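Architecture and fold: a report
Here's the letter readout for the chains.
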Amino acid sequence: MSETVHVVKVGIADMNVVHAPNLIRTSGLGSCVGVVIFDHLKEVAGLAHVMLPDSSMARSETINVAKYADTAVEALIRLVVRAGGRREMLKAKMAGGAQMFSFSSKSTDMMRIGERNVEALRQQLNRFHIPIVAEDVGGSSGRTIEFNPKTTVLSIRTVNQGVKEI
Amino acid sequence: MEHINKLSGTHIDILKEIGNIGAGNAATALSKLLNKKIEMTVPHVQIAAFNEMMELIGGAEQVVACVYLRIEGDAPGNMFFVLSLPQAERFIRQMTGDETVTLNGHLSELGQSALQELGNILAGSYLSALADFTNLTLYPSVPMLTIDMIGAILQYGLLELSRAGDYAILIDTALYDERRPEDSVNGHFFLLPDPDSFASIFRALGVDLS
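Chain B appears in an unreviewed UniProt entry as Chemotaxis protein CheC from Parageobacillus thermantarcticus.

As annotated in an unreviewed UniProt entry, chain A is Probable chemoreceptor glutamine deamidase CheD from Parageobacillus thermantarcticus. Comment text from UniProt for chain A, heading Sequence similarities (unreviewed entry), reads "Belongs to the CheD family." Regarding chain A, the UniProt comment filed under Function (unreviewed entry) reads as follows: "Probably deamidates glutamine residues to glutamate on methyl-accepting chemotaxis receptors (MCPs), playing an important role in chemotaxis."

Okay, structure coming up:
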């Protein structure tokens, strides 16, 4: 098999979908969370780079759905299903939501945003009955993640701990 | 962030001037601290989508040493002082006199506090110059040091902005050692005001935003 493998890059507050043998990746996740929704047998996966927990925080009239946990999960499911994923077979993996800076006692809500993003994504995935089969969240390190829809391996690279696979 | 469209040449010049005054003051402070002449570049004001911005600063995965502080008060925003790892090493060596310091792996407590103090002094002098120039009251948070991917770090500066849109206005000024001008990209100040702060800054300087 000599198919070329493309790595589809997802930016901040963005989402996309790939089929095997291609890979999908997003880099420099800090407090943001990368959530992957996939159908293993159909070898299709979507990835969203979520920045904020809830679209009610938006101050703009038009909303970028990939930016907020509550709107991103729904949109990502639609994207994956449209690309051939079966709604009832979807599973999820996620990584990110770090707290990059250690703050003194009076840490504001915005500083705990990583934790809140993870919590909001859990709620949304639960709401759509999508099981989270693996996650690597929290901590204080930035992450770059890459998902392979064929093997369903999510590889996570950090500056201090090298690469780990979940 | 609808006012991005309203920014005129005059507004951009004002933002550049802010970068000038802030970083100029910081360069003086750094010259005194290291006892050598530190120069600064002409400030760049970049208006870019988040992902464009990450590309402009060299890619989200680039590993840097960064001191971050949050600004509260009349014009809230975020300030980052970003150093390449070799430059951060050089600064720590100069400040502590310890030539064995490296940033590969574990950074000693002394190295960490030296870098933190450096960021503290520089960001503090940048902000006090900005406050004097605009007559605005600005309260910096305690500066925090981290060594990690620049994309992951700068996300903190984009949170407030991201509620209003997908664009950031970045005021970027670089410092460099006069005798090593080739290293001019080594120390950067990034000032990322919150969306509403632009109006406050312009108003304070007698220019309207419309």
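What follows covers helix 1 (residues 9-34) of chain B. End to end, helix 1 of chain B covers 36 Å across 26 residues, agreeing with the expected 38 Å (1.5 Å per residue, within 8%). Just downstream of helix 1 of chain B lies B:N35, where phi reads positive at about 55 degrees.

Below, the discussion takes up the UniProt feature "domain: CheC-like protein" (unreviewed entry) in chain B. Residues and elements named next belong to chain B. In the numbering used here, UniProt assigns the "domain: CheC-like protein" (unreviewed entry) feature to residues 12-45 and 111-144. This span, residues 12-45, is 68% helix and 15% strand, and a straight line between its end C-alpha atoms measures 7 Å. Annotated as residues 111-144, this span is 71% helix and 12% strand, and its ends, taken at the C-alpha atoms, are 14 Å apart.

Turning next to the sheet that holds strand 6 (residues 91-96) of chain A. Residues and elements named next belong to chain A. Read from one edge of the open sheet, five strands run 2-5-4-6-7, paired in mixed fashion. Where the open sheet ends on each side, the last strands, each with one partner, are strand 2 (15-19) and strand 7 (132-137). When strand polarity is set aside, the average angle formed by the axes of neighbouring strands in this sheet is 15 degrees. Where strand 2 lies against strand 5 (residues 44-50), five bridges are found, and the strand directions are antiparallel. Following the sheet pairing, H19 is matched in strand 5 by V44. On top of the sheet, helix 1 (residues 69-82) reaches strand 2, strand 4 (33-39) and strand 5; it is set at about 160 degrees to strand 5, its chief contact.

Taken as a whole and assessed by the stated rule, the structure comprises seven aromatic pairs over all chains. On the numbers, 5.0 Å between centres and 40 degrees between planes, the contact of A:F38 with A:F147 is tilted. On the criterion of sequence distance, the pair formed by A:F38 in strand 4 and A:F147 in strand 8 (residues 143-148) is long-range, its members being 109 residues apart. Residue A:F147 is classed as buried on the basis of its relative accessible area, which comes to 0%. Taken together, a centroid distance of 5.1 Å and an interplanar angle of 50 degrees make the contact between B:Y126 and B:F189 tilted. Separated by 63 residues along the polypeptide, B:Y126 in helix 4 (residues 109-134) and B:F189 in strand 8 (residues 187-193) bring together distant segments of the chain. Note on B:Y126: relative accessible area 0%, which makes it buried. Residue B:F189 is classed as buried on the basis of its relative accessible area of 0%.

What counts, and at which threshold
- Residues numbered from 1 in each chain as written.
- Chains lettered and ligands numbered in written order.
- Predicted model: local features only at pLDDT ≥ 70, side-chain atom pairs only at ≥ 80, totals over all residues.
- Heavy atoms only, no water.
- UniProt positions renumbered as here; feature names shortened; annotations may be inferred.
- Helix = DSSP H or I, 4+ residues; strand = E, 2+ residues; numbered from the N terminus.
- Expected span 1.5 Å × (residues − 1).
- Pairing = 2+ DSSP bridges.
- Axes fitted to C-alpha atoms, helices over the stretch in contact; angles between N-to-C directions.
- Contact = heavy atoms within 4.5 Å.
- Phe/Tyr/Trp six-rings, centres within 6.5 Å; stacked < 30°, edge-to-face > 60°.
- Buried < 20%, exposed > 50% of the residue type's maximum accessible area, 1.4 Å probe, protein only.

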